[in-house]
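# Breakdown of the fold
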Amino acid sequence: MAVTKRRGYVPQDIEPKWQRIWQERGVLRAADASDRPKYYNLVMFPYPSGDLHMGHMRNYVIGDLYSRFQRMRGYEVLNPFGWDAFGLPAENAAMKAGIHPEVWTRNNIARARAQLAMLGILYDWSREVTTCDPSYYRWTQWLFLLFYERGLAYRALAPVNWCPVDETVLANEQVISGRCWRCGAVVEKRDLEQWFLRITAYADRLLDDLALLRDWPEKVRVMQANWIGRSHGLEVDFPVLGLEGEKLRIYTTRPDTLFGVTFMVLAPEHPLVERVTTPEHREEVRAYVERARRASEIDRLSTEREKTGVPTGGFAVNPLNGERVPIWIADYVLMGYGTGAIMAVPGHDQRDFEFARRFGLPVREVIAPPSGPRGELEEAYVEPGVMVNSGPFSGLDSRAGFDAVADHVERLGIGARSTRYRLRDWLISRQRYWGCPIPVVHCDACGVVPVPKEQLPVLLPRTYRRLSELPEFYRTSCPACGQPARRETDTMDTFIDSSWYFLRYTSAQEETRPFDPGLANRWMPVDQYTGGVEHAILHLLYSRFFQKVLHDAGLVEAVEPFTRLFTQGMVKRGGQVMSKSHGNGVAPDDLVRREGADAGRVYEMFIGPPEDDAEWTDEAVSGAVRFLQRVWRLTLEPGSFPVTGSGADPALLRRRTHQTIQRVTADYDGFHFNTAVAALMELANAMQDHLQRGGERGEAWDEAVRTMILLLHPMAPHITEELWERIGGEGLCADASWPTADPELAAEPEVTLVVQVAGRVRDRLRVATGLDERSAIERALASEAVRRALGRERPSRVVYVPDRLINLVP
RNA sequence: GUCGGCGUGGCGGAACCGGUAGACGCGCCGGACUUAGGAUCCGGUGGGGCAACCCGUGGAGGUUCGAGUCCUCUCGCCGACACCA
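Calculation rules
- Residues numbered from 1 in each chain as written.
- Chains lettered and ligands numbered in written order.
- Predicted model: local features only at pLDDT ≥ 70, side-chain atom pairs only at ≥ 80, totals over all residues.
- Heavy atoms only, no water.
- Pairing = 2+ DSSP bridges.
- Helix = DSSP H or I, 4+ residues; strand = E, 2+ residues; numbered from the N terminus.
- Axes fitted to C-alpha atoms, helices over the stretch in contact; angles between N-to-C directions.
- Left-handed = near helix turned anticlockwise from the far one by under 90°.
- Contact = heavy atoms within 4.5 Å.
- Nonpolar A, V, L, I, M, F, W, Y, C, P; charged D, E, K, R; others polar.
- Disulfide = S-S within 2.5 Å.
- Near = heavy atom within 4 Å.
- Polar contact = N/O pair within 3.5 Å; in protein donor to acceptor, adjacent residues only side chain to side chain.
- Buried < 20%, exposed > 50% of the residue type's maximum accessible area, 1.4 Å probe, protein only.
- Parallel < 35°, antiparallel > 145°, perpendicular 65-115°, else oblique.
- Core = buried A, V, L, I, M, F, W, Y, C linked by side-chain atoms within 4.5 Å.
- Salt bridge = Lys/Arg side-chain N within 4 Å of Asp/Glu carboxyl O.
- Phe/Tyr/Trp six-rings, centres within 6.5 Å; stacked < 30°, edge-to-face > 60°.
- Lys NZ or Arg CZ within 6 Å of the ring centre and 35° of its normal.

This part covers the sheet that holds strand S6 (residues 168–170). Within the open sheet, the four strands sit side by side as S6-S5-S9-S19. Their pairing is antiparallel. The sheet is open, and its two edges are formed by S6 and strand S19 (426–427), each paired on a single side. As paired elements, strand S5 (residues 153–163) and strand S9 (residues 188–197) share ten bridges and run antiparallel to each other. Residue pairing across strands places Trp162 opposite Glu188, the latter belonging to S9.

Listed below in structure tokens is the structure:
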């Protein structure tokens, strides 16, 4: 006989049902018109590279949890999603498997969407954005033209980073320690004519506005500040001996050390190298320049390596003291920074010091430490001090010396104060197929001509091949004069695509402009942005740049795009980051089939502080499973817990309930999801204890059950929705209001008072909250353990921290 | 090399402003129920000791009535930057 066994909590039975209902009811669809205050909750959109694993999902679970939480608290939440869909992996896959990049990309998107859905992660899909879709990249092109019109996009011949494996150029930000950020190949230098965005024009604002980002992790702000690397200094002209009227301009941040110059160094690429070199040094210099050009970035930038360089035979004159100093060339001086030439002060710059030591050049002390001049230097002294051997400036504090020397130099008309940045302009040309075409035309007669905005988009051809190999793409006519012309065949860096997607979400269906300014202002700035730290510089800096440019163009009000940033840690398994290549990813599909989506979500939140890396342990998931089963049983089968004790107290249960509301609310707010789970587990323990002490299931019990369901819902949406329905809750749990804690009900009438003698714990007493000191001492002295420790003595001193501790010091 | 961050039971991790170290969970040990249990429930679980107590947050000092928390030095791990004048 087939007996239908009661099955209890079976996640696989209920999860698809609620996913369908949420979708049908349009839960989490953001209303552009609403009485509720807006809340823009954003997770970094992914590159659709294939299967998502639970490492990726951490980001989306956090985002979903937070959306649901803010929604229950009464906000109109915008929680959109999309795909950073242009990029190299699609091309690599295409070459390997013979699939068109677009097909590969679209397949991956479909797959990832399904995986998100099976975890109960909700988005307003009506705002979905896909960067490789012409409806999106049309506006990426439009924005490029906006930058062009505003003088922020330009073409220049420059030595650029070339990745020989990916066969494309890279931005500075995409070269990590001399290697390609994507494939790890050693990057080469090539002289190419390329497109740049003038991000340096925004360097000051990008730096100064970091101060507005109080809710960003300190770490990220510091990284951005270092990357921009603003420095204040002085440019000075040094006359070159034997070249009348020729000046060698240098940049220094230490004008106070000008009297310590003992030689000059030019970058090998410096334009004056040829002319300052004397005939007898010509051969040597030429060989050195040649070698420097060929050296890989890695070798050249390595600080480990001993410094190299050669003398040019030429001399410059120190304009302040008339001294002749030799001119050298060395590759530790970079053409791309400052003026590509330095005055070398080996006494007070460690790099110059090392160079001087290597080549037997003189070292002169011009800044004395507080202990007085040291004469012979063992290393460069880089701290401030008193100026010595500095002519009229001797005796001055070196900090004041900065301005004194700078004023003097400016008065003489041989230099000027100057601010420099480490940040370079953003190289955006890519010689790849799968990207957004740069919308310009090259005409022999008219030069560079932008494609008129009404002709956008410049469509990517269907044929998968480099655009420069597709005449049907690049053969065109000039929009200005109509003569035959050639289309630009470079595509844009994909970081451009992701620099404005958060704006597109605010009006994703807009067909006449990139976004509706009114709606952008309704939703922007993003209130909460969540993603990985790996984007601390690249994406987050570029997006800030775009936001500022669009602000200046009058398209959006906010000057910063992301108010609060949270960077979550990576998920590891077996000590390694979860990834396809390591083969250690936990597939959501398997997890959902075995333990259910809710258990997976709860475990992922319980695993540790979200900002830290976490180690995924398969066995530990069972803790989350058991917890959910217990919540199910407490709610629907409370009678199944055996009564094994007595003394249940409804007031205690209420207290725990309200304390849990306080804790979970604060924890969700502060992104402490691991302790929020712990708090809910404690409430479950308290509820179970209540039942097992024979507690009645009255008002206090019902409140505990309802509260548990509501507080748990953002983390475990399916089971809570099902339980909500079964206990007769009104509407959807997802639509319910967040519970409010009553501080009076949450207050503890009694506390444990720790009793110490001489700082060592001797006893613990249960006392009424707010007990006065006199009574506390009395109670403490009455303790047997205290008397043992204290002996017959009276305490000479008492430290009393009400409701916490009393310390009796003999 | 420089700058940040982190070192807490067998494991993941709690601990507000300096005030009960180890919440919560995994694992483990013992027990109950059971035809069975990888279900469920009960109890235990930092180390030493019969106990009173003692020791214990990488290590060594210091400040304090009191230190995981503050200070100095030191070791180890992780991250960022890496000749930017």
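We are not done yet, so read on.
Glancing now at the packing of helix H20 (residues 621–636) against helix H23 (residues 699–712). Running from N to C, H20 and H23 point in directions that differ by 145°, and their axes come no closer than 10 Å. Crossing of H20 against H23: the hand is left-handed. Contacts from Phe627, Leu628, Val631, Leu634 and Thr635 of H20 reach H23 at Trp701, Val705, Met708, Ile709 and Leu712. Considering only residue class, the contact of H20 with H23 consists of nine nonpolar, one polar and no charged.

All told, the structure shown has zero disulfides when counted by the stated rule. Looking at Cys443, it has no disulfide partner, and the nearest cysteine sulfur is the one in Cys481, 3.6 Å off.

This next bit is on the protein's contact with RNA strand B. Surveying the vicinity of RNA strand B reveals 52 residues, the closest of which are Thr253, Arg351, Arg760, Arg804 and Asn807. Take the atoms of RNA strand B that sit within 4 Å of the protein: sugar and phosphate atoms are 68% of them. Here a base nitrogen of RNA strand B sits 2.4 Å away from a polar atom, N or O, in the side chain of Arg804. When contributions to the surface near RNA strand B are tallied by element, the ones reaching two or more residues are strand S11 (247–252), helix H10 (297–301), H20, helix H22 (673–692), strand S31 (750–757), strand S32 (760–768), strand S33 (797–801) and strand S34 (805–809).

This next bit is on the environment of Asp84. Its location among the elements puts Asp84 in the loop between strand S3 (82–83) and helix H3 (88–97). On the accessibility criterion, Asp84 (14% relative accessible area) is buried. Residues Asp84 and Met524, spaced 440 residues apart in sequence, show a C-alpha to C-alpha distance of 20 Å. Residue contacts for Asp84: discarding those within four places in its chain leaves Phe45, Pro46, Tyr47, Pro48, Thr131, Thr494, Asp497 and Ser498.

Where helix H1 (residues 11–25) contacts helix H24 (residues 717–726), the two axes come as close as 9 Å, and the packing angle between them is 85°. One element, H1, and the other, H24, form an angle in the roughly perpendicular class. Counted together, Ile14, Glu15, Lys17, Trp18, Gln19 and Trp22 of H1 and Pro717, His718, Ile719, Glu721, Glu722 and Glu725 of H24 form the full contact between these two elements. Of the residues in the contact of H1 with H24, the class split is five nonpolar, two polar and five charged.

Here we take up the sheet that holds strand S30 (residues 614–615). Strand order in this open sheet of three strands is S29-S28-S30, and the pairing throughout is mixed. With partners counted over all chains shown, the strands left at the sheet margins are strand S29 (576–577) and S30, one partner each. Relative to S30, strand S28 (residues 571–573) runs parallel, the two being bridged by two bridges. Across the sheet, the residue bridging to Val571 is Ala614, located in S30.

Looking now at the nonpolar core. Counting 176 residues, the largest nonpolar core has Trp426, Tyr501, Phe545, Trp616, Phe627 and Tyr668 as the members making the most contacts within it. Discounting residues that sit within four places of it in the chain, Phe545 has contacts with Phe147, Leu197, Arg198, Ile199, Tyr202, Leu206 and Trp426. Core analysis: the next-biggest nonpolar cluster, separate from the first, contains 47 residues, Val236, Ala267, Val273 and Leu361 among them.

Our next topic: the pattern of salt bridges. Tallied over the full model, the rule gives 58 salt bridges. Close ionic contact of Glu748 with Arg655 constitutes a salt bridge, the shortest N to O distance being 3.4 Å. A residue pair is termed long-range when its members are at least 10 positions apart, and Glu748 in the loop between helix H25 (743–746) and S31 and Arg655 in helix H21 (residues 650–669) qualify at 93 residues. A relative accessible area of 27% means that Glu748 is categorised as partly exposed. The shortest N-O distance in the salt bridge between Arg788 and Glu784 comes to 4.0 Å. Of this pair, Arg788 and Glu784 both sit in helix H27 (residues 784–790), four residues apart, which is roughly one turn of that helix.

A separate point is the environment of Leu28. Note on placement: Leu28 falls in the loop between H1 and strand S1 (38–43). Residue Leu28 is classed as buried on the basis of its relative accessible area of 2%.

Per the counting criterion, the structure on display carries 47 aromatic pairs. When the centroid spacing of 4.9 Å and the interplanar angle of 80° are considered together, the rings of Phe69 and Trp738 count as edge-to-face. Of this pair, Phe69 sits in helix H2 (residues 54–72) while Trp738 is found in the loop between H24 and H25, placing the two residues 669 residues apart along the sequence. As far as the burial class goes, Phe69 and Trp738 line up, both buried. What links up through ring pairs into an aromatic cluster is the set Tyr39, Tyr66, Phe69, Tyr75, Phe566, Tyr668, Phe671, Phe673 and Trp738. Across the ring face of Tyr332, the terminal group of Lys307 is positioned such that the distance to the ring centre comes to 5.4 Å. When the ring centre of Tyr474 is taken as origin, the NZ or CZ atom of Arg486, which lies over that ring, is 4.0 Å away.

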